[in-house]
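# Chains, contacts and geometry: an overview
This is what each chain is made of:
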Amino acid sequence: MLSKSVVAVSVVLIMLYCNLFIEVVAIGVNWGSQASHPLPPATVVRLLQANGIRKVKLFEADTKILGALSRSGIQVMVGIPNDLLAPIAASVAVAERWVSQNVSAHVSSNGVDIRYVAVGNEPFLKAFNGTFEDITLPALQNIQSALIKAGLATQVKVTVPLNADVYQSASNLPSDGDFRLEIRDLMISIVKFLSDNQAPFTINIYPFISLYNDPHFPVEFAFFDGTGDPINDNGRVYDNVLDANYDTLVWSLQKNGFGNLSIIVGEVGWPTDGDKNANMQYARRYNQGFMNRQRAGKGTPMRPGPLDAYLFSLIDEDAKSIQPGNFERHWGMFYIDGRPKYQLSLLGNGNGLVPAKDVHHMGKKWCVLAPSASLEDPQLGPSVGYACDHADCTSLGYGSSCGGLDLAQNVSYAFNSYYQVSDQVESACKFPGGISMIVTRDPSFGSCQFKIMIKSDSSGGEASTKMCLTRSVAVLLLLLMCMYIVL
């Protein structure tokens, strides 16, 4: 007969394992699809599963992506782009058709675990000049009505991912937080609607943007090491900007009678390129710091406990708009081919990120400036401009990974970017005047990678559920074993 100590140890091990499994489920990521050569959806789903990611936030209802998520064990927040808000706000029938095609069909027949519909994406950004202010709430209401009619309102909740500029604090103390004056009435109406329908408030918080917009922003306050100058708000101490920002929202809700409304952090992360403060070291420091506090169950002074959050983002998007900056294409934890950028432990077991499998690259060929070309050639400037207009040159900026290249190397990088995004067709390396040529020796220099594009026909396969089932069976067996030992 087993001793009590063996039984106790077994119980503890089971609890630790199950606790780890629950924590992994609580971590989500944003999966954007604005890439010139996106990975096959099934490949990305296996990537999510291999890294223990059980929640995903989508910016639009892509049928192929939703199909790949079928019976994957991954919870989904599916988005409605801002350009669809007007027709949905204007017509309940349009909202019902959208829900039928993009929610009901996938939930009922494909087994996609859709939990949220994100109505719009940061629609009240100041940069939009009020474009979506009159239509976001009606769109939200019509989608909710459509979910009720479809019998899905209990399972699927509506929300609106908002930027943190919807609230503010005149003193920079969280307790002085309130919604931005010009949209305060609108925000209270939206918050009431969310509360009435047991739906969450979704907020995107970016310490990097604070640093990017303000050169005097205290760098250490952006991270979780506790090395920045703390803020003392009536006894509540804040040693990082995420906590202070989050609790400014909590106070804004509380002051307006909605202190118990649930909150989702829809986007949180750090870019790796495109700015002097966007680099691998800072990105790893930020994301690992965030994961460490999540696993430790640490919340904010106003809301203890781990945050419901989605890391931003999963994979780089080389075709994304570069407003407000070049860093927009470099938020991913993975490169566009599914390779991890840096060591990051999501599971807390010391292991790093698992790369995507079965990804195929094009041949080891690069397009560069021909040695015979003159840097004074009048064709050079227009050629580089054309290449960068049609490809991604965001790594060439000041302080970026390729910011230290000389002029000839800058030209080569631009030419190669265009050549790779054009699937290495020979004509893509024939710039006017014979100033370019194809080489087979890697021209990468220091931290600057001259990339090779992935093949667009790389196949991800169909077996997207095996790992999830294997993990579930393992947990069940462990629990049965524990019960057997105890009995």
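Residues numbered from 1 in each chain as written. Predicted model: local features only at pLDDT ≥ 70, side-chain atom pairs only at ≥ 80, totals over all residues. Heavy atoms only, no water.

## Thoughts on the overall build of the protein
Tallying secondary structure elements over the protein gives 13 helices and 15 strands in all. Residues classed as buried in the protein amount to 52% of the 487 residues present. For the protein, the exposed area adds up to about 21700 Å²; of that, 55% sits on carbon and sulfur atoms. (Helix = DSSP H or I, 4+ residues; strand = E, 2+ residues; numbered from the N terminus. Buried < 20%, exposed > 50% of the residue type's maximum accessible area, 1.4 Å probe, protein only. Areas by Shrake-Rupley, 256 points an atom, 1.4 Å probe, with all protein chains shown as cover.)

## What to know about helix α2 (residues 41-50)
For α2, the tally of buried residues reaches eight of ten residues, placing the bulk of the element in the interior. Along α2, the residues classified as buried are A42, T43, V44, V45, L47, L48, Q49 and A50. Backbone geometry just downstream of α2 places G52 in the positive-phi region, at approximately 70°.

## Things to note about unusual backbone geometry
With an omega of 0°, the peptide bond running from F312 to S313 counts as cis. Among the secondary structure elements, S313 is positioned in the loop between β13 (308-311) and β14 (366-369). Non-glycine residue E122 carries a positive phi angle of around 50°. Relative to the assigned elements, E122 resides in the loop between β4 (113-119) and α6 (136-149). The backbone of Q198 shows a phi angle near 50°, a positive value even though the residue is not glycine. Along the chain, Q198 turns up in the loop between α7 (184-196) and β9 (201-204).

## Remarks on the state of the cysteines
Using the criterion set out here, one finds three disulfides in the structure. Put simply, C402 and C448 are joined by a disulfide, and their sulfur atoms are 2.0 Å apart. Every disulfide takes its handedness from the sign of the S-S torsion; for C402 and C448 that torsion is 90°, giving right-handed. Of this pair, C402 sits in the loop between α11 (380-390) and α12 (407-421) while C448 sits in the loop between β15 (436-439) and α13 (466-486); the two residues are 46 residues apart in sequence, bridging distant segments of the chain. For C402, a relative accessible area of 1% translates into the label buried. On the basis of relative accessibility, which here comes to 1%, the residue C448 falls in the buried class. In the protein, numbering the disulfide-bonded cysteines from first to last in sequence yields the connectivity 1-5, 2-3, 4-6. (Disulfide = S-S within 2.5 Å.)

## A short note on the layout of surface pockets
The calculated volume of the second largest pocket comes to roughly 670 Å³. Around the second largest pocket, the lining is made up of 38 residues, and of these Y335, R339, Y413, Q449 and K451 lie nearest the centre. If you list the elements that add at least two residues to the lining of the second largest pocket, you get α10 (280-295) and α12. The leading source of residues in the lining of the second largest pocket is α12, at five residues. For the lining of the second largest pocket, the per-class residue count stands at 13 nonpolar, 15 polar and ten charged. (1 Å grid on protein atoms, 1.4 Å probe; cavity = no way out; pocket = protein on both sides within 12 Å on 5 of 7 lines; lining within 4 Å. Points joined across faces, edges and corners; volume = space filled by probe spheres on them. Nonpolar A, V, L, I, M, F, W, Y, C, P; charged D, E, K, R; others polar.)

## Focus on the packing of α6 against α7
The geometry of a pair of packed helices is captured by two quantities: the angle between their axes and the separation between those axes. The N-to-C vectors of α6 and α7 enclose an angle of 10°; their axes lie 10 Å apart at closest approach. In this view, α6 runs roughly parallel relative to α7, as classed from their interaxial angle. The segment α6 lies against α7, with L137, L140, Q141 and Q144 engaging L186, S189, I190, F193 and L194. Its residues assigned to classes, the contact of α6 with α7 comprises six nonpolar, three polar and no charged. (Axes fitted to C-alpha atoms, helices over the stretch in contact; angles between N-to-C directions. Parallel < 35°, antiparallel > 145°, perpendicular 65-115°, else oblique. Contact = heavy atoms within 4.5 Å.)

## A few points about the packing of aromatic side chains
Under the counting rule described, the total for this entry stands at 23 aromatic pairs. Between F179 and F201 the ring centres are 6.4 Å apart and the planes differ by 25°, which places this aromatic pair in the stacked class. Of this pair, F179 sits in strand β8 (residues 177-179) while F201 sits in strand β9, placing them 22 residues apart in sequence. Aromatic side chains F312 and W331 sit 5.5 Å apart centroid to centroid with 70° between the ring planes, which places their arrangement in the edge-to-face category. Residue F312 is located in the loop between β13 and β14, and its partner W331 is located in the loop between β13 and β14; the two are separated by 19 residues in the primary sequence. Taking relative accessible area as the criterion, F312 reaches 4% and is therefore assigned buried. With relative accessibility at 3%, the residue W331 sits in the buried group. (Phe/Tyr/Trp six-rings, centres within 6.5 Å; stacked < 30°, edge-to-face > 60°.)

## Considerations on the packing of helix α5 (residues 92-109) against α6
Between α5 and α6, the least distance of the axes is 8 Å, while the angle of their chain directions is 60°. Of the possible angle classes, the one that applies to α5 and α6 is oblique. In the crossing of α5 with α6, the sense of the turn from one axis to the other is right-handed. On the side of α5, the interface is formed by V92, A95, E96, W98, V99 and V103, while α6 contributes N142, I143, A146, L147 and K149. Residues that form the contact of α5 with α6 fall into these classes: eight nonpolar, one polar and two charged. (Left-handed = near helix turned anticlockwise from the far one by under 90°.)

So far we have only geometry, and geometry alone does not tell us how the molecule works.
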